[in-house]
Structures are given as structure tokens and as C-alpha cells.
Amino acid sequence: MSIEKTPEELVAAFIRLLTVSRDAEDAFSGLKQPDGVGRVFGGQVIAQALQAAQATAPEGLEAHSLHAYFLRGGKEGVDIAYNTARDFDGRSFANRRVVASQPNDSGAPRPILNLTASFQRPEDGLAHDDVTMPDVAPPEELKSDMEMRHKMVERAGDRMTEQQRNLVLRPRPIDMRTVDRLHWMNSEPREPRAHSWFRTVAPLPPIEQNAALHRAVIAYASDYTLLGTSALPHGLSWMRGELVGASLDHAIWFHRPARADEWLLYATDAPWSGGGRGFNRGRIFNRQGELVASVAQEGMMRKRVQKDA
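K.L.:
I'm lost on the environment of W197 in this one. Help?
P.N.:
Looking at where W197 falls in the secondary structure, it is placed in strand 8 (residues 193-200). For W197, a relative accessible area of 3% corresponds to the buried category. Here the alpha-carbon distance between W197 and A137, two residues 60 residues apart in the chain, equals 9.6 Å. At a separation of 2.9 Å, a polar atom in the side chain of W197 contacts the main-chain carbonyl oxygen of A137.

K.L.:
Looking at this model, I keep getting lost on the environment of T56. Mind explaining?
P.N.:
Along the chain, T56 turns up in helix 2 (residues 42-56). Taking C-alpha positions, T56 is 9.7 Å from A27, a pair spaced 29 residues apart along the chain. Excluding residues that lie within four positions of it along the chain, T56 makes contacts with R22, E25, D26, F28, T84, R86 and R96.

K.L.:
Just to check I follow, could you spell out the packing of aromatic side chains for this structure?
P.N.:
Two aromatic rings, taken as a pair, are described by how far apart their centres are and by the angle between their planes. Summed over the entire model, instances satisfying the criterion amount to 5 aromatic pairs. Look at F198 and Y266: their rings are 6.3 Å apart centre to centre, the planes differ by 75°, and that puts the pair in the edge-to-face class. In this pair, F198 is assigned in strand 8 and Y266 in strand 10 (residues 264-274), connecting sequence segments 68 residues apart. The class of F198 is buried, set by a relative accessible area of 1%.

K.L.:
Is there a simple way to think about the side chain of S144 in this case?
P.N.:
Relative to the helices and strands, S144 resides in the loop between strand 6 (109-120) and helix 3 (145-156). With residues near it in sequence (within four places) discarded, S144 still touches D175, M176 and R177.

K.L.:
Just checking my understanding: could you explain the packing of helix 2 against helix 5 (residues 211-221) for this structure?
P.N.:
To describe two helices that pack against each other, one gives the angle between their axes and the distance between the axes. The N-to-C vectors of helix 2 and helix 5 enclose an angle of 155°; their axes lie 8 Å apart at closest approach. Relative to helix 5, the element helix 2 is oriented roughly antiparallel. In this structure, the crossing between helix 2 and helix 5 has a hand that is right-handed. Between helix 2, through G43, Q44, I46, A47, L50, Q51 and Q54, and helix 5, the contact on the second element is made entirely by A212, L213, R215, A216, A219 and Y220.

K.L.:
Looking at this structure, how should I read the pattern of salt bridges?
P.N.:
Side chains carrying opposite charge are able to pair once their charged atoms draw close together. With the rule as written, the count across this model stands at 14 salt bridges. D175 is the partner of R177 in a salt bridge, and the nearest nitrogen-oxygen pair spans 3.2 Å. Look at R177 and you get buried, because its relative accessible area is 18%. Among the residues examined, D175 registers a relative accessible area of 14% and is labelled buried. Measuring nitrogen to oxygen at the nearest pair gives 3.0 Å for the salt bridge that ties R259 to D261. Here R259 falls in the partly exposed class, since its relative accessible area comes to 34%. The buried category is assigned to D261, whose relative accessible area is 10%. Overlapping salt bridges bring together E25, D26 and R86 as one network.

K.L.:
Got a minute to help me understand the sheet that holds strand 5 (residues 93-103) in this structure?
P.N.:
The strands making up a sheet are joined through hydrogen bonds of the backbone, oriented either antiparallel or parallel. With antiparallel pairing, the 12 strands of this open sheet are ordered in space as 1-2-4-5-6-3-9-12-11-10-8-7. Each having just a single partner strand, strand 1 (21-24) and strand 7 (174-178) make up the two edges of the open sheet. Each neighbouring strand pair of the sheet contributes to a mean axis angle of 25°, computed without reference to strand direction. Across 4 bridges, strand 2 (residues 27-30) lies against strand 4 (residues 80-89) in antiparallel orientation. Within strand 4, the position partnered with G30 by the bridge is I80. Sitting on the sheet, helix 5 is in contact with strand 3 (62-70), strand 7, strand 8, strand 9 (243-254), strand 10 and strand 11 (277-285), with an inclination near 150° to strand 9.

K.L.:
Please clarify how unusual backbone geometry should be interpreted in this entry.
P.N.:
Despite not being glycine, T225 shows a phi value in the positive range, around 65°. Among the secondary structure elements, T225 is positioned in the loop between helix 5 and helix 6 (226-229).

K.L.:
What is the right way to look at the nonpolar core in this model?
P.N.:
Buried together is how nonpolar side chains tend to be arranged in soluble globular proteins. The biggest cluster of nonpolar side chains holds 54 residues, and the ones touching the most others in it are L18, Y82, L113, L115, I174 and I284. Formed by 9 residues, the second largest nonpolar core is a distinct cluster that contains V136, A267, F285 and L291.

K.L.:
What should I look at first to understand the pairing of strand 8 in this one?
P.N.:
A regular strand places its side chains so that they alternate between the two faces of the sheet. Counting buried residues in strand 8 gives 6 out of 8 residues, a clear majority hidden from the surface. Where strand 7 and strand 8 come together, 5 bridges link them in antiparallel fashion. Bridge pairing links T178 to S196 in strand 8. Here 6 bridges tie strand 8 to strand 10, and the two strands are oriented antiparallel to one another. Among the inter-strand pairings, S196 is bridged to a residue of strand 10, identified as Y266.

Cut-offs applied
Residues numbered from 1 in each chain as written. Predicted model: local features only at pLDDT ≥ 70, side-chain atom pairs only at ≥ 80, totals over all residues. Heavy atoms only, no water. Helix = DSSP H or I, 4+ residues; strand = E, 2+ residues; numbered from the N terminus. Buried < 20%, exposed > 50% of the residue type's maximum accessible area, 1.4 Å probe, protein only. Polar contact = N/O pair within 3.5 Å; in protein donor to acceptor, adjacent residues only side chain to side chain. Contact = heavy atoms within 4.5 Å. Phe/Tyr/Trp six-rings, centres within 6.5 Å; stacked < 30°, edge-to-face > 60°. Axes fitted to C-alpha atoms, helices over the stretch in contact; angles between N-to-C directions. Parallel < 35°, antiparallel > 145°, perpendicular 65-115°, else oblique. Left-handed = near helix turned anticlockwise from the far one by under 90°. Salt bridge = Lys/Arg side-chain N within 4 Å of Asp/Glu carboxyl O. Pairing = 2+ DSSP bridges. Core = buried A, V, L, I, M, F, W, Y, C linked by side-chain atoms within 4.5 Å.

In C-alpha cells, the structure reads:
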């Protein structure tokens with residue numbers, strides 16, 4: 001029988017998950033999700049790879065963007081190795097390249113993700129914001145996604161396996177509150193736009209002490225809801241077993257510092273899908289309506305072929 005963790009314990013374990021261990025000057029290891037099942041969550045690999053890149057960045061430079069390609073699905077229950085290359089160090093900018101890998105059946109390293117991160121020394125410059133934060137309900141008026149997940153499991157009954165129920169109901173360190181009905185909540189086709197608030201369920205270390213951690217948490221959360229946005233016009237869902245999908249690439253631009261333990265609004269849209277792929281965009285705003293990050297991702301998205309009984 002598992003013991004339910006407090007929000008503080010969940011976030012403490014989350015921080016450990018995103019804190020990579022240094023094995024050599026440019027080699028790191030990322031812990032496995034303790035109760036993970038099946039394939040590693042893509043946001044975890046992105047966040048750990050970013051942490052490896054940030055650990056080798058020149059002092060005083062901060063990550064302003066990353067671009068990642070998912071090569072193959074990672075396996076839960078196995079630590080991930082992150083090897084970093086210092087491709088460029090300049091006075092204002094620097095670049096790091098990270099290869100995430102896990103051992104194959106013979107024990108040889110097999111890449112699962114390539115990530116490149118760019119760093120900049122903070123400076124003043126020309127500035128403008130030509131984007132308006134969507135006018136949506138505040139998080140205080142919304143139910144948590146976990147509450148919605150419990151209701152979904154109750155409705156599903158015996159149609160869900162015990163493993164599926166455990167995965168859906170696994171306690172999460174990030175509180176998501178959805179404004180709209182996401183693909184797993186609804187089977188009616190609708191426009192490819194979604195809005196969700198998110199923050200960690202307990203405080204993180206102050207951003208002044210560990211800004212890199214807050215960026216890593218935002219990178220982790222940026223993989224939530226994104227690919228599902230391109231499923232909305234089709235009324236299909238991965239959770240109902242109607243789709244087969246996987247992230248192919250993922251890019252983030254960090255525009256300004258933001259605390260990941262305070263509410264952030266994630267507004268996503270999917271302007272296109274076709275050829276077995278879906279393209280998705282995301283904008284992340286703070287409560288003041290400022291754009292703190294932009295995201296783009298393309299993923300494989302195929303309708304599952306039902307086999308005859």
C-alpha cells in the first residue's frame with residue numbers, strides 16, 4: 001500500500017528528478033521517475049538535458065532558448081546519461097549541445113534525444129510586446145486536472161486497466177487547471193486552441209537563488225497539453241486509445257524570468273495537422289499578462305487502427 005505524499009514531498013522529489021548528477025566534466029546522469037511506467041515523459045528528458053547544459057554554461061549567462069529532437073522513446077526505470085559539448089563560448093552568447101542516451105539491450109549507449117541550448121549574458125535592449133494575454137477564467141475558479149482525472153476514471157470503470165488507472169491518477173508535482181475541455185475530456189471536434197494554468201504544488205527555492213531550476217520546471221511543463229491541441233479538431237484522444245503519437249521536436253524561447261511556483265497561463269494552438277503529424281504552438285504568460293516564454297512542437301499523430309476481434 002503506497003503512502004500519499006504531501007505537496008512539499010512531491011516537489012522535493014521533483015527537484016531531485018530535475019537535478020542531474022555530474023559524472024565527469026561534461027557528463028551527467030538524470031534520475032528515473034520512481035513510479036514511472038512505460039515510456040519516459042518527454043518533458044522530463046528536455047528538462048534534465050537543459051539542466052546538464054546549464055551546469056556547463058559560463059558564469060553569468062542564462063538560457064534563452066533550446067531546440068530538441070526526440071529520436072526514440074526512453075524507457076522508464078533506467079537512468080539517462082547526458083553528454084554535453086561546449087560548442088561556443090563568446091562574450092555575450094554561448095551554445096551547448098546535449099545528447100541524452102540510455103543503454104540498449106547489449107549495454108551500449110543509444111541516443112534518445114538531441115538538444116541544443118543557447119545562453120546570453122543579460123543586457124538592456126530594444127523591447128516591445130505585441131501579444132495580449134487571453135482573457136480566461138483565473139485558476140482560483142477552476143478545478144484541478146487531477147480532480148477531472150478521478151472523474152474520468154470513475155466513468156471509464158472496467159474499460160481501464162489497473163496500470164492505466166495508476167498512470168492517470170499518479171500524484172503530480174505540477175497543478176494543472178484547464179480552462180477548456182482538453183482532448184481527453186471530450187470526444188466532440190472543436191477548434192485547436194487550449195488554455196491551462198500551471199504551477200508547482202508547493203514552493204520552489206527562490207528564483208534569485210536558482211533561476212535555472214525555474215526554467216527547467218517551465219521546460220518540463222511545456223510538454224503538457226501541447227501535442228493534444230492538434231487532436232482537438234478530430235475529437236480523438238490518446239487516453240481513450242484512439243490515437244498513436246509521439247513528440248518529434250520541441251523548441252522553447254525564454255523571454256523573461258518567471259517563477260514556476262506561481263500561476264502561469266499556457267495558451268496553445270495548432271494551426272496545422274497532416275501527413276501523420278501535428279504542429280503546435282504555445283505561449284506562456286505570468287499573472288501580470290507578460291509573455292515569459294514561447295514554445296513550438298511537432299509530433300507524430302496517427303489514428304489507431306482497430307484490429308478485428
